[in-house]
Amino acid sequence: PARGWFGPGGRRWLETPDVRLPYADLIDSGKEYRVLAEVPGIPREKLDITVTDREIKIEGEAKTDLHEEKEGFIRRERGYSRISRRLAFPEPVVAEKAEASLNNGVLEVKVPKKAPTTFTRHKVAVK
């Protein structure tokens, strides 16, 4: 077999679905974690977000089917993409109080912590 044609398990690379890891940020704001993930082109009804007390899993898919006809010219394109991303929280969270919003292709999920963290500052003198 030609090199690069077979992936894990001997499957042809053309047969595997296009799954990508979206860029994501995990932000600690003290009382909650905020997860920001780039999910361009994926409609909110095709996003699947699961939160447990220790992690968040974001999955989604987008399908496009473009068909144009103009003066004897025909163009048809199809596309399919899938995302999947899993992030662990450093501390336990209250999964059932998670809230999500989608704005311009950026998903934001807010998840409160079980025990809020207070940030204190201590100035250290250099000797």
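Quick note: structure is the one above.
The rules behind these values
- Residues numbered from 1 in each chain as written.
- Predicted model: local features only at pLDDT ≥ 70, side-chain atom pairs only at ≥ 80, totals over all residues.
- Heavy atoms only, no water.
- Helix = DSSP H or I, 4+ residues; strand = E, 2+ residues; numbered from the N terminus.
- Buried < 20%, exposed > 50% of the residue type's maximum accessible area, 1.4 Å probe, protein only.
- Contact = heavy atoms within 4.5 Å.
- Areas by Shrake-Rupley, 256 points an atom, 1.4 Å probe, with all protein chains shown as cover.
- Pairing = 2+ DSSP bridges.
- Salt bridge = Lys/Arg side-chain N within 4 Å of Asp/Glu carboxyl O.

Enquirer: How should the overall build of the protein be read in this particular structure?
Expert: Scanning the protein from terminus to terminus reveals zero helices and eight strands. When the elements of the protein are put in sequence order from the N terminus, they spell out β-β-β-β-β-β-β-β. Every one of the 127 residues in the protein was classed for burial, and the buried ones make up 21%. For the protein, long-range pairs separated by at least 24 residues make up 53% of all intrachain contacts whose partners lie at least 6 apart in sequence. In the form shown here, the protein has an accessible surface area of approximately 9900 Å², with 50% of it arising from carbon and sulfur atoms.

Enquirer: How should the pairing of strand β7 (residues 99–103) be read in this particular structure?
Expert: Where a strand is regular, its side chains alternate between the two sheet faces. Here β7 pairs with strand β8 (residues 106–112) via five bridges, running antiparallel. In the sheet register, Ala 100 faces β8, and the bridge partner there is Val 109. Hairpin geometry of β7 and β8 is characterised by an intervening segment of two residues between the two adjacent antiparallel strands and by a positive phi of about 50 degrees at Asn 104.

Enquirer: When you look at unusual backbone geometry in this model, what are you seeing that I'm missing?
Expert: It is generally the case that most residues other than glycine have a negative phi and that most peptide bonds are trans. Even without glycine at this site, Asn 104 takes up a positive phi of about 50 degrees. Residue Asn 104 is classed as exposed on the basis of its relative accessible area, which comes to 75%.

Enquirer: Could you clarify how one ought to interpret the pattern of salt bridges in this entry?
Expert: Where charged atoms of side chains with opposite charge meet at close range, the side chains can pair. Counted according to the given criterion, the structure contains six salt bridges. Two residues, Lys 113 and Asp 28, come together in a salt bridge whose shortest N-O distance is 2.7 Å. Here Lys 113 is found in the segment after β8, whereas its partner Asp 28 is found in strand β2 (residues 24–28), with 85 residues between them in sequence. The partner of Lys 57 in a salt bridge is Glu 59, with the nearest N and O atoms 3.7 Å apart.

Enquirer: Would you mind showing me how to read the sheet that holds strand β1 (residues 19–20) here?
Expert: Adjacent strands of a sheet pair through backbone hydrogen bonds, lying either parallel or antiparallel. Strand order in the open sheet formed by four strands is β1-β6-β5-β4, with mixed pairing between adjacent strands. In this open sheet, the two edge strands, each paired with only one partner strand, are β1 and β4 (47–51). When β4 meets strand β5 (residues 55–70), the two strands line up antiparallel, connected through five bridges. Residue pairing for β5: Thr 50 is matched across the bridge by Lys 57.

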